[in-house]
Each structure stands twice: as C-alpha cells, then as structure tokens.
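Here's the letter readout for the chains.
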Amino acid sequence: MPPMNSILEPGMLVRHPGRPDWGIGQVQSVIGARITANFREAGKVVIDGARIELMPVYES
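Here's a quick rundown of the structure. (Residues numbered from 1 in each chain as written. Predicted model: local features only at pLDDT ≥ 70, side-chain atom pairs only at ≥ 80, totals over all residues. Heavy atoms only, no water.)

### Quick look at the pairing of strand 2 (residues 25-31)
In this sheet, strand 2 lies alongside strand 1 (residues 13-15) in antiparallel orientation, the contact comprising two bridges. Paired with Leu13 across the bridge in strand 2 is Gln26. Two elements, strand 2 and strand 3 (residues 34-39), share six bridges in a ladder whose sense is antiparallel. Bridge assignment links Ile31 to a residue of strand 3, and that residue is Arg34. Counted along the chain from strand 2 to the antiparallel partner strand 3, the turn is two residues long, and its residue Gly32 has a positive phi close to 60°. (Pairing = 2+ DSSP bridges. Helix = DSSP H or I, 4+ residues; strand = E, 2+ residues; numbered from the N terminus.)

### Observations concerning the packing of aromatic side chains
Scanning all chains against the criterion turns up one aromatic pair. Taking 5.2 Å as the distance between ring centres and 55° as the angle between the ring planes, the aromatic pair formed by Trp22 and Phe39 counts as tilted. In this pair, Trp22 sits in the loop between strand 1 and strand 2 while Phe39 sits in strand 3, placing the two residues 17 residues apart along the sequence. Like Phe39, Trp22 is buried. (Phe/Tyr/Trp six-rings, centres within 6.5 Å; stacked < 30°, edge-to-face > 60°. Buried < 20%, exposed > 50% of the residue type's maximum accessible area, 1.4 Å probe, protein only.)

### Structural notes on a nonpolar patch on the surface
On the surface, Met4, Ile7, Met55 and Tyr58 cluster together into a nonpolar patch covering about 400 Å² of accessible area. Relative to the assigned elements, Tyr58 resides in the segment after strand 5 (55-57). (Patch = residues over 30% accessible without salt bridge, like charges linked within 9 Å, V, L, I, M, F, W, Y side chains within 5 Å. Areas by Shrake-Rupley, 256 points an atom, 1.4 Å probe, with all protein chains shown as cover. Salt bridge = Lys/Arg side-chain N within 4 Å of Asp/Glu carboxyl O.)

### Observations concerning the side chain of Asn5
Relative to the elements of secondary structure, Asn5 occurs in the segment before strand 1. Engagement of the side chain of Asn5 in a polar contact is seen with the backbone nitrogen of Leu54, the distance being 3.0 Å. Once residues lying within four places of it in the same chain are set aside, the contact partners of Asn5 are Ile35, Gly49, Ile52, Glu53 and Leu54. (Polar contact = N/O pair within 3.5 Å; in protein donor to acceptor, adjacent residues only side chain to side chain. Contact = heavy atoms within 4.5 Å.)

### Focus: the pattern of salt bridges
This structure, assessed with the given rule, holds one salt bridge. The salt bridge involving Arg19 is made with Asp21; its shortest N-O contact spans 3.1 Å. Assessed through its relative accessible area of 35%, Arg19 is described here as partly exposed.

Now the structure itself:
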C-alpha cells in the first residue's frame, strides 16, 4: 500500500488524484488495501489502495 494510504482512518477527508471532479471524500473503512470512501460528487467508491494513493485533505 502506498505510504499515504497507510495513515488513512475512517472519518478522514481525502481526494482521488486522478478524479478531481469527485470532490472531497470521507473514508468509510480501510480493510487491507481496500479503501471505501464517500465522495461528494461520486458517492460511495471502493478504491484499490495498492494502485491508487489517496491524498489526505486537511480543512477546518
């Protein structure tokens, strides 16, 4: 799993680097390399964390 994905926890906000049109997503679960996130514009998406490195978003 890419380094940034290893820090992801449920509740964290993320962006998909290849799909900026999805907006910000909230991590729902991380099971092994499988990350489920709910994105504002795409809904619930399951990401293969071994292939895609989600980028944490730090907003207030």
